[in-house]
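Here's the letter readout for the chains.
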Amino acid sequence: MNESSPFAVRTVVILVIGGALLLLGAILLSGFGGDVARIVGDAPAADRKDGAGYHAFRRLVDTVQPAAAADGDPAGAAPILILTPSETTRPQDVKAIVDRRIAMAEAAAEDDDGEDSEGPPPRYATLIILPKWQVAKLPLQGARVQRTGSADTFKVMQFIPTNAEWHGEQVRDTGPMADTVFTGLRPFAVVGPVQAVKGKAITPLIGARDGAAVLGQIDGSDTFVLADADLVNNRAMADERNALAALAMLRAIDPEHGGAATFDRSLHFGAGDRNLVKLLFLPPFLGVTLALIAAAILAGIAAANRFGPIVREHRALAAGKRALIDNIVSLTRLAGRTRNAGARYADTMLETIGRRVGLGAGAAIDRLDAIHPGYSDIDRSLRDARTEGEALAAATRLHAWKKETGA
């Protein structure tokens, strides 16, 4: 800390490093904030206990008609796989799971044709439950949430692996379609508006009043869409009619496995949408980014070491009395006359002091010594000096003697 700067160098360095780290953290959170929130924040929809989650539905299925433990990824299990995407889920991730299960079903059918096996091949059915609401946690109220609005329809419709249109009706009843081949379906007890979808490739199994599909089959495959989450979420499971209808729905979709189902959680922990920050801090560009950061740090260190106090341009011949004296000393040294400086300085000071004490310019040393004892010793030291050090020591004694005597 000095007059030109109110902060010590260490303080400035700490502030600069702290600011750089905070800036880097802000940049990373802007790109990876959604991923971090999913990992350390809310649980997957299948595990959430708030009104918009499916914890009660999952517990019900696991208790009444549990699926056999799958080795590895649940997406490879034969029973129904239930997908519960949210608005932050990438549609391509949903499509990848659906395509994988369709491919496994086709492979199982080919193997069944080539071998004499008992029973039909596994179907690998998939049920997609579309999100319906946007919710926010209530502070200091545990797992309780409140609705903040409806889910973005455009994003929701992208989870359906075919072209579809969204429909909503103010009706309080739904029911199985009369011509459906899926037997055993039961009506749900609906509270509030029903969310449904329509499309050429969507076959309604449970329909709304206008025939749109609340539960629909996609293009005759084993992929199904439940358009209204309010039929099976935690709030809906409080009604026994909805619990029975949900179990009946699973049994009708996959009677071979008795409606056994597993809930996918991989969508919740997916990579999320791509952005510029992720592009910079993920392979293959991560190495380039780290190299640029290292180069910036090294450049900052080099700049900090290079710059210091302002170096002013010196005059060829400095101005002022001190500069004049320094110039005389330098010239005397160059001329090799410094060993004679003591005697010359002694003569000059003898004349000056003699005039001050009233003895005149030609005062004798003994007369001056009689008035102010001790001067003769100093004068002798100056005249006997043969080096700059001896002359400087004698001159220092003379200066102290003058201050003491007032001469």
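Residues numbered from 1 in each chain as written. Predicted model: local features only at pLDDT ≥ 70, side-chain atom pairs only at ≥ 80, totals over all residues. Heavy atoms only, no water.

## With respect to the overall build of the protein
For step 1, the next point in the chain: Scanning the protein for helices and strands turns up 12 helices and 11 strands.
For step 2, the next point in the chain: When the 407 residues of the protein are sorted by exposure, 34% land in the buried category.
For step 3, the next point in the chain: Within the protein, counting contacts between residues at least 6 apart in sequence, those at least 24 apart form 63% of the total.
For step 4, the next point in the chain: Summed over all atoms, the accessible surface of the protein reaches about 24,500 Å², with 58% contributed by carbon and sulfur. (Helix = DSSP H or I, 4+ residues; strand = E, 2+ residues; numbered from the N terminus. Buried < 20%, exposed > 50% of the residue type's maximum accessible area, 1.4 Å probe, protein only. Contact = heavy atoms within 4.5 Å. Areas by Shrake-Rupley, 256 points an atom, 1.4 Å probe, with all protein chains shown as cover.)

## Overview of a nonpolar patch on the surface
For step 1, the next point in the chain: Nonpolar side chains collect at one region of the surface, where Leu24, Leu290, Ile293, Ile297, Leu298 and Ile301 lie side by side and expose about 530 Å² of accessible area between them.
For step 2, the next point in the chain: Within the fold, isoleucine 293 resides in helix H7 (residues 286-306).
For step 3, the next point in the chain: Accessibility expressed as a relative area gives 33% for isoleucine 293, which makes it partly exposed. (Patch = residues over 30% accessible without salt bridge, like charges linked within 9 Å, V, L, I, M, F, W, Y side chains within 5 Å. Salt bridge = Lys/Arg side-chain N within 4 Å of Asp/Glu carboxyl O.)

## Details of helix H11 (residues 375-384)
For step 1, the next point in the chain: Where H11 is concerned, the buried positions are Tyr375, Ser376, Ile378, Asp379 and Leu382. Along the axis of H11, the buried positions cluster into a sector of 160°, meaning they face one direction only. (Arc of directions from axis to C-beta.)

## Things to note about the confidence of the model for the protein
For step 1, the next point in the chain: Mean pLDDT for the protein: 81, with 84% of residues reaching 70 or above.
For step 2, the next point in the chain: Taken element by element, the predicted model of the protein shows its lowest mean pLDDT in helix H10 (residues 365-371) (74) and its highest in strand S2 (residues 126-129) (95). (pLDDT = per-residue confidence, 0-100.)

## Points about the side chain of threonine 126
For step 1, the next point in the chain: When you line up the elements, threonine 126 lands in strand S2.
For step 2, the next point in the chain: Its relative accessible area of 0% is what places threonine 126 among the buried residues.
For step 3, the next point in the chain: A polar contact is formed between the side chain of threonine 126 and the side chain of arginine 101, at a distance of 2.9 Å.
For step 4, the next point in the chain: Setting aside residues no more than four positions away along its own chain, threonine 126 makes contact with Leu81, Leu83, Val98, Arg101, Asp222, Thr223 and Phe224. (Polar contact = N/O pair within 3.5 Å; in protein donor to acceptor, adjacent residues only side chain to side chain.)

## Focus: the pairing of S2
For step 1, the next point in the chain: What you see with S2 is no split at all: Thr126 and Ile128 on one side and Leu127 and Ile129 on the other are buried throughout.
For step 2, the next point in the chain: Summarising the sheet, strand S1 (residues 80-83) and S2 pair through three bridges and their orientation is parallel. What sits directly across from leucine 83, in S2, is isoleucine 128.
For step 3, the next point in the chain: Looking at chain direction, S2 and strand S10 (residues 223-226) are connected through four bridges and run parallel. Opposite leucine 127, over in S10, you have phenylalanine 224 as the bridge partner. (Pairing = 2+ DSSP bridges.)

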